Amino acid sequence: MPEQNKPAPSQRIVGAAPAGARDEAAAADAVRDMFTSIAPRYDLLNHVLSMNIDRVWWKRTARLFSEVLRRPNAQALDLCCGTGDMTFALHRRLKGAPTKLIGADFSHAMLVRAERKAGNRDIRWVEADALNLPFASGQFQLVTSAFGFRNLANYDRGLAEIYRVLAPNGEVGILDFGEPQGLIGKLYRVYFRRVLPAIGTMISGVSGPYAYLPASVLRFPSPDEMLQRMRAAGFRQVSWTPYTFGIAGLYRGKKAATSCNPE
Ligand SMILES: C[S@@+](CC[C@H](N)C(=O)[O-])C[C@H]1O[C@@H](n2cnc3c(N)ncnc32)[C@H](O)[C@@H]1O
């Protein structure tokens, strides 16, 4: 398509597109099937493939939201919670505050594991699609998502849903993979595109998800584009903070104190 006819980034529909998926519904089904197929080995694979750096990223993210988490009558939502590790990091920051914490994911198999791991922690687990959340508008002071947002079939709809369920003054934190630059970036790309899919396939016994992972990171908008999409969704004070040379990074934004929905 000639450059001048291309829609502006904020007008293009952009989202995850696993191989073979022809539309958003097929993409979402493929993503759910993929995570359900690796659920039994997900934690093991995560820790092996990230060399446990993921724990540092979850912890760092949760720490940044300590104040929001402890607001009076706060409710917090960890979206695309998978087996719950980001949710547990948030829970540790509550330090006794009576905040209601919810973990939501559309893969039942992942949620079953999250619930089992939670033990007696007071967390509610909800099976829900991030693109059509079963929560009231303005319900949450905080919405986080760790390594899940990139898998949504429509990023703008995902942002719009997060914005809708946030209360005025509420905050969002989206932690996801990035593309580091320079020499580190070159080395990392070899690891991410060749070594990681090979080990992931070997341990999980399923090849699709670990070929999809690097492809999904490549498809994901650059930090500049993501920040523009967040602004278009209505978020204020948006920022991106790289973690570990930009291998991952945290997008943050706020909903205005008196807010009308951007549409
Ligand atoms: C890579 S895992 C991340 C899990 C966890 N947050 C973590 O940091 O380990 C991505 C999760 O996003 C979930 N997910 C993807 N698309 C979703 C959607 N549209 N609605 C709800 N969950 C979704 C998947 O089922 C999967 O559990």
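Heads up: the structure comes first, above all this text.
Residues numbered from 1 in each chain as written. Predicted model: local features only at pLDDT ≥ 70, side-chain atom pairs only at ≥ 80, totals over all residues.

Draft legend 1. The arrangement of the overall build of the protein in detail. Regarding its fold elements, the protein presents 10 helices and 7 strands. Relative to the 2.2 N^0.38 estimate, which gives 18 Å for 263 residues, the radius of gyration of the protein is 18 Å and therefore close to what a compact globule would have. By principal-axis analysis of the C-alpha atoms, the protein measures approximately 50 × 45 × 35 Å. The buried share of the protein, reckoned over its 263 residues, is 42%. The long-range fraction of contacts in the protein, counting pairs at least 24 apart against all pairs at least 6 apart in sequence, stands at 71%. (Helix = DSSP H or I, 4+ residues; strand = E, 2+ residues; numbered from the N terminus. Rg over C-alpha atoms; globule rule 2.2 N^0.38 Å. Buried ≥ 20, exposed ≤ 12 C-beta atoms within 10 Å, placed from the backbone. Contact = placed C-beta atoms within 7 Å.)

Draft legend 2. Inspection of the pairing of strand β1 (residues 75-79) at higher detail. Burial within β1 is extensive, with 5 of its 5 residues counted as buried. Side chains Gln 75, Leu 77 and Leu 79 project from β1 onto one buried face, and the interleaved Ala 76 and Asp 78 project onto a second face that is buried too. As paired elements, β1 and strand β2 (residues 100-105) share 5 bridges and run parallel to each other. Each residue of the ladder has a partner; that of Ala 76, found in β2, is Leu 101. Handedness of the crossover joining β1 and β2 through helix α5 (residues 85-94) is recorded here as right-handed. In terms of strand pairing, β1 meets strand β4 (residues 140-146) through 4 bridges, oriented parallel. Each bridged residue has a counterpart across the sheet, and for Leu 77 the counterpart in β4 is Val 143. (Pairing = 2+ DSSP bridges. Right-handed = clockwise from strand over helix to strand, strands pointing away.)

Draft legend 3. Molecular detail of the site of the ligand. Contacts to the ligand come from 22 residues, most closely from Cys 80, Gly 82, Ser 107, Ala 146 and Gly 148. When residues of the shell around the ligand are traced back to their parent elements, those giving at least two are α1 (24-38) and α5. Looking at the shell around the ligand, the element that brings in the most residues is α1, giving 4 residues. Its residues placed into classes, the shell around the ligand shows 13 nonpolar, 5 polar and 4 charged. (Near = placed C-beta within 6 Å. Nonpolar A, V, L, I, M, F, W, Y, C, P; charged D, E, K, R; others polar.)

Draft legend 4. Broad picture of the nonpolar core. Among the nonpolar cores identified, the biggest contains 70 residues, and Ala 76, Leu 77, Phe 140, Val 143 and Leu 166 are the most heavily contacted of them. Excluding residues within four positions of it along the chain, Phe 140 makes contact with Gln 75, Ala 76, Leu 77, Val 165, Leu 166, Ala 167 and Gly 170. (Core = buried A, V, L, I, M, F, W, Y, C linked by C-beta atoms within 7 Å.)

Draft legend 5. Molecular detail of the sheet that holds β4. The strand order across the open sheet formed by 7 strands is β3-β2-β1-β4-β5-β7-β6, and the pairing between neighbours is mixed. Each end of this open sheet is capped by a strand with a single partner; those strands are β3 (123-127) and β6 (236-243). Each adjacent strand pair in this sheet contributes to an overall mean axis angle of 15°, direction not counted. In this structure, β2 lies alongside β3, joined through 5 bridges in parallel fashion. (Axes fitted to C-alpha atoms, helices over the stretch in contact; angles between N-to-C directions.)

Draft legend 6. Structural detail: the packing of helix α3 (residues 53-64) against α5. Interaxial distance between α3 and α5 falls to 9 Å at its minimum, and their mutual angle equals 45°. By the angle between their directions, the pair α3 and α5 is classed as oblique. Considering the relative orientation of α3 and α5, their crossing is right-handed. Residues Trp 58, Lys 59, Thr 61, Ala 62 and Arg 63 of α3 form the contact with α5, whose own contacting residues are Asp 85, Met 86, Ala 89, Leu 90, Arg 92 and Arg 93. Its residues placed into classes, the contact of α3 with α5 shows 5 nonpolar, 1 polar and 5 charged. (Parallel < 35°, antiparallel > 145°, perpendicular 65-115°, else oblique. Left-handed = near helix turned anticlockwise from the far one by under 90°.)

By themselves these figures say nothing about function.
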